[in-house]
Amino acid sequence: DLALEDLSVNIINSRKLNLRCLIDISARKTQIYDEELPTDFQSDSAVESHYETEELLELSVLKKDVCRIREEAELPKNYPNIQNILWSQVFPGDLEIVPEEGQLSVKCDLQVFVLYQGEGDDNPILGYDFSIPYNSKMECTGSNSAMIPFINHTISHCSLEARPDYDGEQRVLGLDMVMDMNIRLYEEKSVTLLADVYGIERDYSCETHPSGLKKLCVSNNSLYKLSGKFAHDGDAPPILQLCHSCGHIQTDEPVVCEEGLKICGALSLQILYVTGRDDAPYYSVNQAIPFCHTIEVPNISQQSEINVQSTLDKLSISLSNEGEIEVRPSICFKTFVCEKLTCDIISDISESPIRPEIINNLPGAVIYFVKEGDTLWNIGKRYYVPVSSIRQQNDLTGDRIYPGDRLIIVK
């Protein structure tokens, strides 16, 4: 994963810029494998089997794909033709990627801003801000609408160019954007696992290995609304009109707290405005707004697998009566948290005769007083007696027992 931590641009001369940036690079090694789960055991001799039902998360689709967006928009009639595009920015707001049968539905609202030099005697410089609704389908073999998506996307290419309209005038803006997608689709499945076995006439030994199983804690999107206000720098040109704003989010590692996940970071803003000066008609200012937000996640622990994506959802700016810039951004947090199961999985079961000393020491009948932590299962396993037999001998209708209960056990 790559994250831009800091960026500074300085003018060296009329033809050269000095760029310095700090990029945070994080690497993660993931091993994906198929886990065979035991669900039953059968033997020629009498055997007792214990089962546990778990809600497990299964990775059903893992792939990388590309979403290519090509759109066009025409300038309003009161705007002059385009001579040169000076600067542009495209932002896929309200991005929503939803799995469907054999495909992914991709919806967003493309927020586009272009600063251009118009045709004419005075070559006016104008800014044009507009949006394009986008809706398309991507093929995704194996997906269905019940799957839980966790999809990362990065914009690897984005260009905006002037194109001629039907009259041959440069009034059409052509957008070409490429989004690289890392797609993971999960399914929740209720699985009944074979947890333990013991024999009545034979000994059975279970060979186990640590599980790599996961269960879902939470998968949701939450919106956090910020508000901030800051004064205009007195050394900068005066603000005649706010023109455009953009930003990116920097966050620290999520911290597990009592309420769930605490996310702290900062929103780095760049605001473009009109100065009213002929020598410098446009000017930009940078500002950072810190924030802390808590996402509610039930049953989270320090051992949970945590993935949080933060994206700028909406951003509005205005100029107050006091001349301060008011900022009201909305940040979308996509949270995906899994709990790693600590159970061991049975990989093999070996069978052997019961040792003579164990048979000789087993009583024919015993009165047993239930202790803390006892279950009918581990009591039956200790005395090589079926659980159903203990229930029948003690007129029990279920498996619930309490410390201090007296049980009659007959071999």
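Residues numbered from 1 in each chain as written. Predicted model: local features only at pLDDT ≥ 70, side-chain atom pairs only at ≥ 80, totals over all residues. Heavy atoms only, no water.

By definition, the strands of a sheet pair up through backbone hydrogen bonds, in either a parallel or an antiparallel sense. Strand order across the open sheet formed by three strands is β4-β5-β6, with antiparallel pairing between neighbours. Each edge of the sheet is formed by a strand with only one pairing partner; in this case those strands are β4 (82-100) and β6 (125-139). When the angles between neighbouring strand axes are averaged without regard to direction, this sheet yields 15°. Pairing between strand β5 (residues 103-118) and β6: 15 bridges, direction antiparallel. Paired with Y116 across the two strands is L126, which belongs to β6. (Pairing = 2+ DSSP bridges. Helix = DSSP H or I, 4+ residues; strand = E, 2+ residues; numbered from the N terminus. Axes fitted to C-alpha atoms, helices over the stretch in contact; angles between N-to-C directions.)

This next bit is on a negative patch on the surface. A cluster of like negative charges, contributed by E5, D6, D24, D252 and E253, occupies part of the molecular surface. Inspection of the secondary structure puts D6 in strand β1 (residues 2-13). (Patch = residues over 30% accessible without salt bridge, like charges linked within 9 Å, V, L, I, M, F, W, Y side chains within 5 Å. Areas by Shrake-Rupley, 256 points an atom, 1.4 Å probe, with all protein chains shown as cover. Salt bridge = Lys/Arg side-chain N within 4 Å of Asp/Glu carboxyl O. Lys, Arg positive; Asp, Glu negative; His and termini not counted. Charge placed at Lys NZ, Arg CZ, Asp CG, Glu CD.)

Take the nonpolar core next. The biggest cluster of nonpolar side chains holds 32 residues, and the ones touching the most others in it are C67, L104, V106, L110, L173, M181 and L185. Elements with a minimum of two residues in this core: β3 (47-74), β4, β5, β6, β7 (148-164) and β8 (170-199). Apart from the residues lying within four places of it in its own chain, the contact partners of L104 are I97, V98, P99, S136, K137, M138, C140, I151, I183 and L185. Residues V218, I249, I295 and V337 belong to the second largest nonpolar core, which totals 28 residues. (Core = buried A, V, L, I, M, F, W, Y, C linked by side-chain atoms within 4.5 Å. Buried < 20%, exposed > 50% of the residue type's maximum accessible area, 1.4 Å probe, protein only. Contact = heavy atoms within 4.5 Å.)

What follows deals with the layout of surface pockets. Its boundaries defined by the atoms lining it, the second largest pocket holds a volume of some 150 Å³. Around the second largest pocket sit E48, S49, H50, T375, L376, W377, V387, R391 and D399, which together line it. Only β3, α2 (376-383) and α3 (387-393) provide two or more residues apiece to the lining of the second largest pocket. Among the elements that make up the lining of the second largest pocket, the one with the highest residue count is β3 (three residues). Residues of the lining of the second largest pocket, tallied by class, amount to three nonpolar, three polar and three charged. (1 Å grid on protein atoms, 1.4 Å probe; cavity = no way out; pocket = protein on both sides within 12 Å on 5 of 7 lines; lining within 4 Å. Points joined across faces, edges and corners; volume = space filled by probe spheres on them. Nonpolar A, V, L, I, M, F, W, Y, C, P; charged D, E, K, R; others polar.)

Purely spatial values, then, with no claim about function.
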